[in-house]
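Descriptive structure summary
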Amino acid sequence: MKNAPFRSDLLTIRPEWIDYNGHLNMAYYSVLMDQTADEAYPLFGFGPDYLKNTGCTTYVAEFHVCYVRELHEGDRVYGTIQMLDFDAKRFHMYQELWHEDGWLAATGEALTLHVDQSGPKVAPMPADVLANVGKMFEAHKSLPRPERAGRSIGIKRKG
């Protein structure tokens with residue numbers, strides 16, 4: 001966990017993801033962030049065989065996206081992940097999508113639960129997985145807290 005924050009490989013915006021406005025449909029920003037998480041998950045011990053071997057998986061309980069700048073067909077981006085907090089049953093991650101030219105396209109913030117599928121119910125992570133989540137947190141805790149983390153949505157009214 002030397003790299004802080006985690007950085008994904010480059011991902012390319014596909015033609016079928018473009019909406020009638022000519023830019024990336026809002027749903028696919030989340031897809032790109034999910035693909036970034038899929039790259040990071042093996043660092044924790046999650047992966048294709050995790051559910052089969054443990055009967056457990058992860059569910060995203062809450063996810064907030066901020067759309068900062070439009071992406072278009074063929075654009076290449078990478079995602080970053082910063083671990084903000086965790087406990088035995090959940091973790092709080094902040095993500096950013098960066099265009100390969102260096103500008104921020106979107107941010108995302110997730111609260112993810114570790115779930116025992118037999119319930120399903122929220123359950124503690126195995127010790128090795130929890131230790132790996134802790135290692136990422138330790139590598140990231142000295143990073144500045146992202147300005148967009150913890151935002152709420154609403155119409156700001158005067159008076």
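Bear in mind that the values here come from a model prediction, so they are computed numbers and not experimental data.

1. What to know about the pairing of strand β4 (residues 76–86)
Among the 11 residues in β4, 8 count as buried, and that is most of the element. Taken together, the 2 bridges between strand β1 (residues 6–7) and β4 define a ladder with antiparallel strand orientation. Residue pairing for β4: R7 is matched across the bridge by T80. For strand β2 (residues 11–12) and β4, the ladder comprises 2 bridges, and the chain directions are antiparallel.

2. Brief notes about the pattern of salt bridges
Inspection of every chain in the model, using the stated rule, returns 4 salt bridges. Close ionic contact of E100 with R76 constitutes a salt bridge, the shortest N to O distance being 3.2 Å. Within this pair, whereas E100 is found in the loop between β5 (90–99) and β6 (104–116), its partner R76 is found in strand β4, the two being separated by 24 residues in sequence. With a closest N to O distance of 3.0 Å, K141 and E138 form a salt bridge.

Thresholds, definitions, all that
- Residues numbered from 1 in each chain as written.
- Predicted model: local features only at pLDDT ≥ 70, side-chain atom pairs only at ≥ 80, totals over all residues.
- Heavy atoms only, no water.
- Buried < 20%, exposed > 50% of the residue type's maximum accessible area, 1.4 Å probe, protein only.
- Helix = DSSP H or I, 4+ residues; strand = E, 2+ residues; numbered from the N terminus.
- Pairing = 2+ DSSP bridges.
- Salt bridge = Lys/Arg side-chain N within 4 Å of Asp/Glu carboxyl O.

Function-wise, these values are silent; they only describe arrangement.
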